[in-house]
Amino acid sequence: EHAAVALAQAQRNQAQQDVAALYRRFQASLSPTVTVESPHLKVATCYRPGEGRMLLGGAFIDAVTRPNGSVAAVIGDVTGHGPDAAALGSSLRAAWRALALRGASLQASMKTLNSLTLDESDRAEQGELGLGLLATVCAVEIDAAGRRARFVHAGHPMPLLLGQDVAQVAHTPGMMLGVEQYGDWPPHEITLPADWGLLLFSDGIVEARTGDAHDRLGVDGLRAALAGLWRRRATSSADLQSLVDAVQAGRPDALADD
């Protein structure tokens, strides 16, 4: 009997290790190491899973140098958690990357991502959960030499522009991906200041709990936290990790979402 119990425990431990390894592989596909070769700007990224859970999420990030020398970046978030959300997030990131490297326009890319989301949503609705999938996305193309940035976004928070102040880029959000076939995502272009930065973020950080259950960081809180980093030009991946650490300090359950 003792041998049987020990064997069962060993099998459970192995199964848990296998699940953890699968989780890490999925998340690595959604938040890969981003390397951008550009003489005009640098890119730093940070990913933190919500509450340290081993629940597969669909948040994704990426950045590439386009054929015309501009730099394109994307951040997105699929609703919910689980294999379907993770699979869609991985597919959206891969599709966006291929389109960006081919030089597709931001609007054309968003329409393709929307079609992909609709297709995956139809498949998911036939599964056990009976739920469709939606995704929010913000994509940007940056001409750093010309100090221009063009955005499209589908229901996702707009980035923070770092200049003399830290302010959120103002633009009416387009429809989330997966809602309807023929959505429209008009681009929005801004002039970048002489000394600038952009922070693309997901709603997981602004919804972080900073006090009781009803007290959230919010965009204003993120702006305030980022202002100190920007004054020091602290913009590395380690600096972004420190920002998330500060938000989460003393509250292990502060980050409910990725």
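For every chain, the first residue of the written sequence is number 1, and numbering continues from 1 along that sequence. A pLDDT threshold of at least 70 governs which residues receive local features in this predicted model, and a stricter bar of 80 or more applies before side-chain atom pairs are shown or counted, although totals over entire chains, interfaces and linings include all residues. Hydrogen atoms and water are omitted, and side-chain values are computed over all heavy atoms in the structure.

### A word on the packing of aromatic side chains
Inclusion rule: Each aromatic pair joins two rings of Phe, Tyr and Trp (for Trp, the six-membered one) with centres within 6.5 Å, and gets the label stacked for planes under 30 degrees apart, edge-to-face for over 60, and tilted for any other angle. The rule is short: NZ of Lys or CZ of Arg within 6 Å of the ring centre and within 35 degrees of the ring normal puts a charge over the ring.
Considering all chains together, one arrives at 0 aromatic pairs under this definition. Directly above the aromatic system of Trp230 lies the positively charged group of Arg233, at a separation of 4.0 Å from the ring centroid.

### Here we look at the sheet that holds strand E7 (residues 188-191)
Strand pairing in a sheet takes place through backbone hydrogen bonds and is either antiparallel or parallel in direction. The criterion, for reference: Two strands qualify as a pair provided DSSP detects at least 2 bridges between them. Elements are defined by DSSP. Helices are runs of H or I of four residues or more, strands are runs of E of two residues or more, and each kind is numbered from the N terminus. In this description, a line fitted to the C-alpha atoms serves as the axis of each element, helices being fitted only across the stretch in contact, and the angle between N-to-C directions of two axes falls anywhere from 0 to 180 degrees.
Spatial ordering of the open sheet is given by E1-E2-E3-E4-E7, a layout of 5 strands whose pairing is antiparallel. Taken across any chain shown, the strands that pair with only one partner, and hence form the sheet edges, are strand E1 (60-65) and E7. Strand-to-strand twist of the sheet, defined as the mean angle between neighbouring strand axes without regard to direction, takes the value 15°. As paired strands, strand E4 (residues 148-154) and E7 are joined by 4 bridges and run antiparallel to one another.

### Observations concerning the sheet that holds strand E6 (residues 166-168)
Using the following cut-off: Contacts: residue pairs with any heavy atoms within 4.5 Å of one another.
Sheet architecture is open: 3 strands sit in the order E6-E5-E8, paired in antiparallel fashion. Each end of this open sheet is capped by a strand with a single partner; those strands are E6 and strand E8 (197-199). Averaged over all neighbouring strand pairs, the angle between strand axes comes to 25°, with direction disregarded. Bridging between strand E5 (residues 160-162) and E8 involves 3 bridges; their strand directions are antiparallel. The residue bridging Leu162 from the neighbouring strand is Gly197, located in E8. Its contacts with the sheet place helix H5 (residues 218-231) against E5, E6 and E8, and it is angled at close to 25° to E5.

### Overview of the nonpolar core
For clarity, the threshold we go by: Take the buried residues of types Ala, Val, Leu, Ile, Met, Phe, Trp, Tyr and Cys, join any two whose side-chain atoms come within 4.5 Å, and each joined set is a nonpolar core. Only protein chains enter the area calculation, which uses a 1.4 Å probe; residues under 20% of their type maximum are buried, those over 50% are exposed, and those in between are partly exposed.
Ranked by internal contacts, the top residues of the largest apolar core, which has 21 residues, are Val78, Leu92, Trp96, Met110, Ala139 and Leu177. Mapped by element, the contributors of at least two residues to this core are E1, strand E2 (71-78), helix H2 (83-102), helix H3 (106-125), strand E3 (135-143) and E4. Beyond its immediate chain neighbours, meaning those up to four positions away, Ala139 contacts Ala73, Val74, Trp96, Leu106, Met110, Arg150, Phe151 and Val152.

### Points about the environment of Met175
With respect to the helices, strands and loops of the structure, Met175 is situated in the loop between E6 and E7. Sequence-wise, Met175 and Trp185 are 10 residues apart; in three dimensions their C-alpha atoms are separated by 7.4 Å. Filtering out sequence-adjacent residues up to four positions away, Met175 remains in contact with Ala154, Gly155, Glu180 and Trp185.

### Concerning the side chain of Ser202
By the element assignment, Ser202 lies in the loop between E8 and helix H4 (203-206). Look at Ser202 and you get buried, because its relative accessible area is 14%. Once you skip the residues sitting within four places of it in the chain, Ser202 turns out to touch Ile75, His156 and Asp258.

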